[in-house]
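# Examination of the molecular architecture
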Amino acid sequence: MRISDVLRRKGDDVVTVRRDATVAELLDLLVERRIGAVVVSDSDGRVDGIVSERDVVVHLRRATVPPLEEKVGAIMTTEVAVCSPEDDTESLARTMTDRRVRHLPVVVDGRLAGIVSIGDIVKQRLDELQDERDQLVDYVQQGRPAPR
């Protein structure tokens, strides 16, 4: 299964924030949209960074200025792991596990095309397993080959 299949199912809507937004504005966005990370983009579709709940927690613990007034650019992760629509979900799951990240922007020709979370990958895999199970049940009950 490819990342393009995941995006086709969930959509390609991506919430972004500018690096000059405050942490307070970021938190409002995370709460309002019920998401765990936001892509930082100051210009049309370029991925400048990503900021997650974990980044906020680390910032709150280390803050030397009023933490909610700090700019997103100061706390974002700038070395962002990304993927492409052609990547397969299995390798992406490994990347997410190895790098200990839960969100990866999907990039096409240097521009943001979507975002996938570990939850999206798990859901896709569970759906695949259910389809396989259904085919096996049909095969056993009908005594003929399962469709491919």
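If you're wondering where the values come from, they're calculated on a predicted model, not measured in any experiment.

### Examining the sheet that holds strand β2 (residues 37–40)
Here three strands make up an open sheet; going across it, the order is β1-β2-β3 and the pairing mixed. Each end of this open sheet is capped by a strand with a single partner; those strands are β1 (16–17) and β3 (49–52). The pairing of β1 with β2 spans two bridges and is parallel. Bridging across to β2, Val-17 finds its partner in Val-40. Across the face of the sheet, helix α2 (residues 23–33) comes into contact with β1, β2 and β3 while running at roughly 130° to β2.

### Brief notes about the side chain of His-59
Within the element layout of this structure, His-59 appears in helix α3 (residues 53–62). Here the side chain of His-59 touches Pro-67 through a polar contact of 3.0 Å, landing on its backbone oxygen. Once residues lying within four places of it in the same chain are set aside, the contact partners of His-59 are Val-23, Pro-67, Glu-70 and Ile-75.

### Quick look at helix α6 (residues 118–142)
Along its 25 residues, α6 runs 36 Å from first to last C-alpha, staying within 8% of the 36 Å computed at 1.5 Å per residue. Within α6 the residues assigned to the buried category are Asp-120, Ile-121, Gln-124 and Glu-128. Along its buried surface, α6 packs onto α1 (3–10), α5 (89–99) and β5 (111–117).

### Re the side chain of Thr-22
Within the secondary structure, Thr-22 is located in the loop between β1 and α2. Setting aside residues up to four positions removed in sequence, Thr-22 forms contacts with Leu-68, Glu-69, Glu-70, Lys-71 and Val-72.

### Some words on a nonpolar patch on the surface
Residues Ile-118, Val-122, Leu-126 and Leu-129 make up a contiguous nonpolar surface patch of about 320 Å² in total accessible area. Structurally, the position occupied by Leu-129 is in helix α6. With relative accessibility at 37%, the residue Leu-129 sits in the partly exposed group.

### What about the environment of Val-47?
In this fold, Val-47 is placed in the loop between β2 and β3. For the pair Val-47 and Val-140, spaced 93 residues apart in the sequence, the C-alpha separation amounts to 49 Å. When near neighbours in sequence (up to four residues on either side) are disregarded, Val-47 contacts Val-39, Val-40, Val-80, Pro-105, Val-107 and Leu-112.

Criteria and cut-off values
Residues numbered from 1 in each chain as written. Predicted model: local features only at pLDDT ≥ 70, side-chain atom pairs only at ≥ 80, totals over all residues. Heavy atoms only, no water. Pairing = 2+ DSSP bridges. Helix = DSSP H or I, 4+ residues; strand = E, 2+ residues; numbered from the N terminus. Contact = heavy atoms within 4.5 Å. Axes fitted to C-alpha atoms, helices over the stretch in contact; angles between N-to-C directions. Polar contact = N/O pair within 3.5 Å; in protein donor to acceptor, adjacent residues only side chain to side chain. Expected span 1.5 Å × (residues − 1). Buried < 20%, exposed > 50% of the residue type's maximum accessible area, 1.4 Å probe, protein only. Patch = residues over 30% accessible without salt bridge, like charges linked within 9 Å, V, L, I, M, F, W, Y side chains within 5 Å. Areas by Shrake-Rupley, 256 points an atom, 1.4 Å probe, with all protein chains shown as cover. Salt bridge = Lys/Arg side-chain N within 4 Å of Asp/Glu carboxyl O.

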